[in-house]
2 protein chains.
Amino acid sequence: MTETTTTWTIAQMADDYDVTHRALRHYEHLGLLAPDREGQRRIYHRRERTRLALILRGRRLGFSLEEIATILDMYDDQPGEVGQLRYLLSQIGDRRQDLERRRRDIEDSLRELDELEQRCAEDVARLS
Amino acid sequence: MTETTTTWTIAQMADDYDVTHRALRHYEHLGLLAPDREGQRRIYHRRERTRLALILRGRRLGFSLEEIATILDMYDDQPGEVGQLRYLLSQIGDRRQDLERRRRDIEDSLRELDELEQRCAEDVARLS
DNA sequence: CTTGACCTTGGCGTCAACGTCAAGCAGGAT
DNA sequence: ATCCTGCTTGACGTTGACGCCAAGGTCAAG
């Protein structure tokens, strides 16, 4: 339980998260990641790993990298001003609505899939 | 309650579903839609409307049009052979796994959003 | 000192999903 | 007859998200 590798290289990142190093550079180019440098080389800390995890989850959900950027920004800032906080809260509301819509879509899809499977299974039973 | 417009023009489709007619032609080009013709003009029936609804839901969920095509095919075929049915059942399984993964992602996201909102609300309370 | 592994920065290529003209037909209104 | 509206088929342009080189730096091993 000692602190061993608290940092990672680009190859380790690519390997751990199953992305190409081209993709990592691309995310960095768009400001989604900002690894340190050790000389030339990129050095990734835990922050980048959690960010990358969020990016990939966002991609799986079909968000564009631009949308993902704003989401990451949401989690980044710890604004001191009440105005900023209120704005953030409204953003959170928007995002929640979006996600809930997607969830409804998914649940509808799953229900329809169930029906199809049912009919399918019946047909197999009848024919076998 | 009479049968009035059981068919639709491309403009009505575009209007009802809030897509461009270019998109409709694109979906047709990819074989996702197959409207009738009346002379030159495209004529859409209810079948195309349900298909379009599925397409758009698929897009909202981040599926590619190619994936959507295979999904539509799933619902299209009513295969007579047991082999085909078994294959369809396996496809249904795959799709369900995919959807359930997405649902987990969404629920994780919603939970994190809740936490963020909580902290945010606390900060606002403290500052006001 | 050279090789090889791993990294770097450009920068052009590609694919999907359309957008955006251009040019033209078809039919009703003026 | 011509005009307008709504549609048609190309066909090239665009944007996002990378793929895929090319050309070279760095550092430990042989």
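Because the structure is predicted, anything quoted here is derived from the model rather than measured. (Residues numbered from 1 in each chain as written. Chains lettered and ligands numbered in written order. Predicted model: local features only at pLDDT ≥ 70, side-chain atom pairs only at ≥ 80, totals over all residues. Heavy atoms only, no water.)

### What to know about the overall build of chain A
Next up, step 1: Check the secondary structure of chain A and you find five helices and two strands.
Next up, step 2: Starting at the N terminus, the α and β elements of chain A follow one another as α-α-β-β-α-α-α.
Next up, step 3: Taken against the 2.2 N^0.38 rule, which gives 14 Å for 128 residues, the C-alpha radius of gyration of chain A at 21 Å runs more than 25% over that of a compact globule.
Next up, step 4: Oriented by its inertia axes, the alpha-carbon framework of chain A measures out at about 70 × 40 × 35 Å.
Next up, step 5: Buried residues in chain A amount to 36% of all 128 residues.
Next up, step 6: Taking as baseline every contact in chain A between residues at least 6 positions apart, the subset at least 24 positions apart corresponds to 51%.
Next up, step 7: Carbon and sulfur atoms make up 45% of the accessible area of chain A, which amounts to about 8,100 Å² in all.
Next up, step 8: Seen as two clouds, the 22 positive and the 26 negative side-chain charges of chain A have centres 3 Å apart. (Helix = DSSP H or I, 4+ residues; strand = E, 2+ residues; numbered from the N terminus. Rg over C-alpha atoms; globule rule 2.2 N^0.38 Å. Buried < 20%, exposed > 50% of the residue type's maximum accessible area, 1.4 Å probe, protein only. Contact = heavy atoms within 4.5 Å. Areas by Shrake-Rupley, 256 points an atom, 1.4 Å probe, with all protein chains shown as cover. Lys, Arg positive; Asp, Glu negative; His and termini not counted. Charge placed at Lys NZ, Arg CZ, Asp CG, Glu CD.)

### Some details on the domain arrangement of chain A
Residue and element names in this part refer to chain A.
Next up, step 1: Domain boundaries assigned for chain A yield domain 1 (1–76) and domain 2 (79–128).
Next up, step 2: Just the C-alpha atoms count here: the centres of domain 1 and domain 2 sit 26 Å apart.
Next up, step 3: Taken together, the contacts link five residues of domain 1 with seven residues of domain 2.
Next up, step 4: On the domain 1 side of the interface with domain 2, the three residues burying the most area are Leu61, Phe63 and Met74, jointly 75% of the side's total.
Next up, step 5: For the pair domain 1 and domain 2, the interface holds one residue pair in polar contact (both at pLDDT 80 or more).
Next up, step 6: Looking at the side of domain 1 that touches domain 2 residue by residue, the classes come out as four nonpolar, one polar and no charged. (Domains from an automatic or database assignment. Buried area = accessible area lost by both parts, 1.4 Å probe. Polar contact = N/O pair within 3.5 Å; in protein donor to acceptor, adjacent residues only side chain to side chain. Nonpolar A, V, L, I, M, F, W, Y, C, P; charged D, E, K, R; others polar.)

### Notes on the interface of chain B and chain A
Next up, step 1: Listed as interface residues are 37 residues of chain B and, on the opposing side, 37 residues of chain A.
Next up, step 2: Across the interface of chain B and chain A, roughly 3,900 Å² is buried in total on both sides, 67% from carbon and sulfur atoms.
Next up, step 3: On inspection of chain B and its partner chain A, the count reaches eight salt bridges.
Next up, step 4: The shortest N-O distance in the salt bridge between A:Arg57 and B:Glu112 comes to 2.9 Å.
Next up, step 5: No other element matches the 29 residues that helix 5 (residues 82–127) of chain B contributes to the side of chain B that touches chain A.
Next up, step 6: Counted by class, the side of chain B that touches chain A contains 18 nonpolar, three polar and 16 charged residues. (Salt bridge = Lys/Arg side-chain N within 4 Å of Asp/Glu carboxyl O.)

### Some points on helix 2 (residues 21–29) of chain B
All names here are of chain B.
Next up, step 1: When we look at burial in helix 2, the residues that qualify are Ala23, Leu24, Tyr27 and Glu28. Each buried residue of helix 2 sits inside an arc of 140° when the element is viewed along its axis, so together they form one side.
Next up, step 2: Residues of helix 2 that are buried sit in contact with helix 1 (10–17), strand 1 (36–38), strand 2 (41–43), helix 3 (46–60) and helix 4 (65–76).
Next up, step 3: Gly31 lies just past helix 2 and shows a positive phi near 85°. (Arc of directions from axis to C-beta.)

### Looking at the relation of the copies chain B and chain A
Relating the two copies of this chain is a rotation about some axis coupled with a shift parallel to it.
Next up, step 1: With an axial shift of 0.0 Å and an RMSD of 0.1 Å, the rotation relating chain B to chain A amounts to 180°. Look at the turn and shift together and you get a two-fold axis relating the two. For chain B, the minimum C-alpha distance to the rotation axis belongs to B:Gly62 and amounts to 2.0 Å.
Next up, step 2: In this assembly, 100% of the residues forming the interface of chain B have copies in chain A that are likewise at the interface, indicating an isologous arrangement. (Least-squares fit on C-alpha atoms with pLDDT ≥ 70 in both.)

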